[in-house]
Structures are given as structure tokens and as C-alpha cells.
Amino acid sequence: MAFTLPSLPYDFAALEPTIDAQTMQIHHGKHHAGYVTNLNKALEGKPELEKKSVDAIIANLAVVPEDIRTAVRNNGGGHANHSMFWQIMAPPGNGGGGEPAGELLSAINSSFGSVADLKAKIADAGAKRFGSGWAWLVVKGGKLAVGSTANQDNPLMGDAVAGFSGTPILGVDVWEHAYYLKYQNRRPDYLAAWWSVVNWSKVAELFKAAH
Ligand code: MN
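Per chain, residues are indexed from 1 in the order of the written sequence. Where local features are concerned, this predicted model is filtered to residues with pLDDT of at least 70; where side-chain atom pairs are given and counted, the filter is 80 or more; whole-chain, interface and lining totals use all residues. As a convention, hydrogens and water are excluded, and side-chain values are obtained from all of the structure's heavy atoms.

Peer 1: With reference to specific residues and values, describe the coordination of the manganese ion.
Peer 2: Surrounding the manganese ion are the protein donor atoms His27 (NE2), His82 (NE2), Asp173 (OD) and His177 (NE2), which sit 1.9 to 2.1 Å from the metal. Written as a sequence motif, the donor arrangement for the manganese ion is H-x54-H-x90-D-x3-H. For the pair Asp173 and His177, one class covers both residues: buried. Coordinating donors are taken as N, O and S atoms within 2.8 Å of the metal, stretched to 3.2 Å for Na, K and Ca; because water is absent from the atoms, sites can appear incomplete. Here's how the labels work: a residue is buried when its accessible area is under 20% of the maximum for its type, exposed when over 50%, partly exposed in between, all with a 1.4 Å probe on protein chains only.

In C-alpha cells:
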């Protein structure tokens with residue numbers, strides 16, 4: 001078994017009231033766990049792929065045998081996306097929420113004008129993503145950019161695969177499984193509330209590593 005489900009860095013209920021405990025439990029314990037199980041199944045007997053990191057695998061899907069490529073794209077993407085998602089969130093008022101600072105703040109201001117403008121761009125990208133997918137903040141060519149991908153695609157997969165590219169430093173899951181129990185069809189409400197659990201120190205750390 002190459003890949004394992006990472007533990008959540010907080011309790012299931014820690015992101016309340018923004019994200020309810022039951023959603024977290026199902027999201028982590030069923031959805032993310034399922035991606036890990038199915039990724040391992042697809043990679044069985046492929047030691048040269050199993051020894052890579054999941055980010056390295058999804059960044060080079062062209063070398064993945066065609067008969068397992070779709071499974072690796074969906075489940076490897078799912079594993080990578082959720083592993084990051086748990087890390088860039090924290091309990092509201094206890095690591096989550098507030099505002100970005102330092103170099104990250106300067107980069108946001110110079111790329112988008114303000115943090116409010118960045119939030120509006122992410123909200124727009126997430127709301128306009130038809131069906132399931134993710135909205136992202138990425139570093140690309142030394143600059144910040146916002147976009148979205150379908151299903152479990154990740155910007156690391158590149159433009160040709162995912163339709164958007166870069167090194168992700170923040171991503172928000174807009175699959176219904178991420179919000180439906182609490183927000184039902186109100187995806188924009190979920191996206192607006194989500195900022196209160198964003199762990200900006202972690203995003204800053206990823207920003208530092210990505211540029
Ligand atoms: Mn999800």
C-alpha cells in the first residue's frame with residue numbers, strides 16, 4: 001500500500017460552525033479514504049509509480065499507463081487535493097480566518113488589488129464551476145492566479161489535462177459533498193463562509209515554497 005489517508009490536523013467538529021462535523025467525518029473518512037483506496041488499487045504492481053509522491057504522479061500523467069490513467073487522474077487528484085485542503089484550514093479564530101500577511105499579502109495586493117478582490121475572484125471561480133470541482137489560488141511564473149478545475153483535476157496536471165495550471169497554494173472543494181448537509185444548494189454561501197476557516201499561515205508557507 002503506497003498511499004495512506006492522512007489524519008486530520010484537528011477534530012471533525014473543529015471547523016464548526018463553518019463546516020459541520022458530520023460533513024467533515026464523511027468527507028475525510030469516506031470520500032478522501034475512497035480516493036486513497038482506489039489510487040492504491042490502480043497502482044498495484046506498478047512499483048515505479050508507487051514510490052513517487054502523489055504530486056509527482058499527477059504532474060506527469062503522460063507516463064502513467066493508459067489503462068489506469070483515468071483512475072490515477074481521478075483518485076490521485078482526489079488524494080492530492082484533499083490532503084492540501086485539510087492543511088489549509090484551521091478552526092475559526094484559532095488559526096483559521098483573519099487576513100493574510102507579509103509577502104503573501106503583498107503578492108495578493110499586486111496581483112488582484114486587495115484581499116477582497118482575491119476572495120471575489122475565488123468565489124466567482126467556485127460558483128461558476130458547473131458540477132463538481134475546485135477553485136484555486138496558484139503560483140504561476142512567479143505570479144498569483146485564480147482559476148478552477150473540474151472533478152478532481154489539479155493545476156499540477158497542467159493546462160492540457162486540467163485546463164488550468166500552476167502550483168496550488170489554496171484550493172476550495174466545491175463538490176456538493178463538501179457543503180450540502182449544511183448549505184444545500186447554496187454554494188455561494190459556503191464559499192463566503194469558508195474564509196473563516198482558511199489557515200493563512202499554511203497558505204503563506206506553501207507560497208514561500210512555490211516561488
Ligand atoms: Mn471533497
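Let's pick the thread back up.
Peer 1: So what's going on with the side chain of His177? Which residues, and what values?
Peer 2: Along the chain, the position of His177 falls in the loop between strand E3 (167–173) and helix H8 (180–183). Taking relative accessible area as the criterion, His177 reaches 16% and is therefore assigned buried. Whenever two N or O atoms come within 3.5 Å, that pair is a polar contact, provided that in protein one can donate a hydrogen and the other can accept it, and provided that, for residues adjacent in sequence, both atoms are side-chain atoms. Here the side chain of His177 touches His31 through a polar contact of 3.3 Å, side chain to side chain. In terms of polar contacts, His177 uses its side chain to reach the side chain of Asp173, at 3.3 Å. Numbered from the N terminus, helices here are DSSP runs of H or I no shorter than four residues, and strands are runs of E no shorter than two.

Peer 1: Go over the packing of aromatic side chains, please, and point to the residues and values.
Peer 2: Two rings from Phe, Tyr or Trp (for Trp, the six-membered ring) form a pair when their centres sit within 6.5 Å of each other. Planes less than 30 degrees apart are called stacked, planes more than 60 degrees apart edge-to-face, and all others tilted. Applying the stated rule across the entire model yields eight aromatic pairs. Each ring, one from Phe85 and one from Trp134, has its centre 5.3 Å from the other, and the planes form 85°; the classification is edge-to-face. With Phe85 in helix H4 (residues 66–87) and Trp134 in strand E1 (residues 133–140), this residue pair connects regions lying 49 residues apart in the sequence. Each member of the pair, Phe85 as well as Trp134, carries the same accessibility label: buried. A ring pair is formed by Trp134 and Trp136, whose centres lie 5.5 Å apart and whose planes are at 20°; its orientation type is stacked. Of the aromatic side chains, those joined through ring pairs into one cluster are Phe85, Trp86, Trp134, Trp136, Trp194, Trp195 and Trp200. In our convention, an over-ring charge means Lys NZ or Arg CZ found within 6 Å of a ring centre and within 35 degrees of that ring's normal. The ring of Tyr183 carries the charged tip of Lys182 above its face, separated from the ring centre by 5.8 Å.

Peer 1: If you had to explain helix H6 (residues 115–128) to someone new, which residues and values would you point to?
Peer 2: Helix length check: H6, at 14 residues, gives a terminal C-alpha distance of 20 Å against a target of 20 Å (1.5 Å per residue), a fit within 8%. Taken residue by residue, H6 has Val115, Leu118, Lys119, Ile122, Ala125 and Gly126 as its buried positions. One face of H6 carries all of its buried residues, which in axial projection span an arc of 130°. Exposed side chains of H6 directed beyond 90 degrees from the buried face belong to Ala116 and Lys128. Looking at the packing, one finds that the buried side of H6 touches helix H5 (102–112), E1, strand E2 (143–150), E3, helix H9 (187–194) and helix H10 (200–210). Sitting at the head of H6, Ser114 places a side-chain oxygen 3.4 Å from the backbone nitrogen of Ala116. Working rule for helices: expected span equals 1.5 Å times residues minus one. Of all possible arcs, the one meant is that of the directions from the helix axis to the C-beta atoms. Whether two residues are in contact is decided by their heavy atoms: any pair within 4.5 Å suffices.

Peer 1: Describe the side chain of His28, and please don't skip the residues or the numbers.
Peer 2: Mapped onto the elements of the fold, His28 is located in helix H1 (residues 21–43). Polar side-chain contacts of His28 include one of 2.7 Å to the backbone oxygen of Pro6. When residues no more than four places from it in sequence are discounted, the contact partners of His28 are Leu5, Pro6, Ser7, Leu8, Phe12, Ala33 and Trp86.

Peer 1: Requested: an account of the domain arrangement of the chain, with residues and values cited.
Peer 2: Note that domain bounds follow an automatic or database assignment of domains. Split into domains, the chain comes out as domain 1 (21–87) and domain 2 (102–210). Using C-alpha coordinates to define each centre, domain 1 is positioned 20 Å away from domain 2. Contacts between domain 1 and domain 2 engage 20 residues on the former and 24 residues on the latter. Buried area between domain 1 and domain 2, both sides added, is near 1,700 Å², and the carbon and sulfur share of it is 61%. Once two parts are brought into contact, the accessible area they lose, counted with a 1.4 Å probe and summed over both, makes up the buried area. When residues of domain 1 are sorted by the area they lose upon contact with domain 2, Asn81, Met84 and Phe85 head the list and together hold 34% of the total. For this document, the term salt bridge refers to a Lys or Arg side-chain nitrogen within 4 Å of an Asp or Glu carboxyl oxygen. The interface formed by domain 1 and domain 2 contains one salt bridge. Asp153 is paired through a salt bridge with Arg73; the nearest N and O atoms lie 2.8 Å apart. Of all the secondary structure elements, the ones that give two or more residues to the side of domain 1 that touches domain 2 are H1, helix H3 (54–58) and H4. Looking at the side of domain 1 that touches domain 2, the element that brings in the most residues is H4, giving ten residues. In the side of domain 1 that touches domain 2, the residues fall into eight nonpolar, ten polar and two charged. The residue classification treats Ala, Val, Leu, Ile, Met, Phe, Trp, Tyr, Cys and Pro as nonpolar and Asp, Glu, Lys and Arg as charged. All others, Gly included, are polar.

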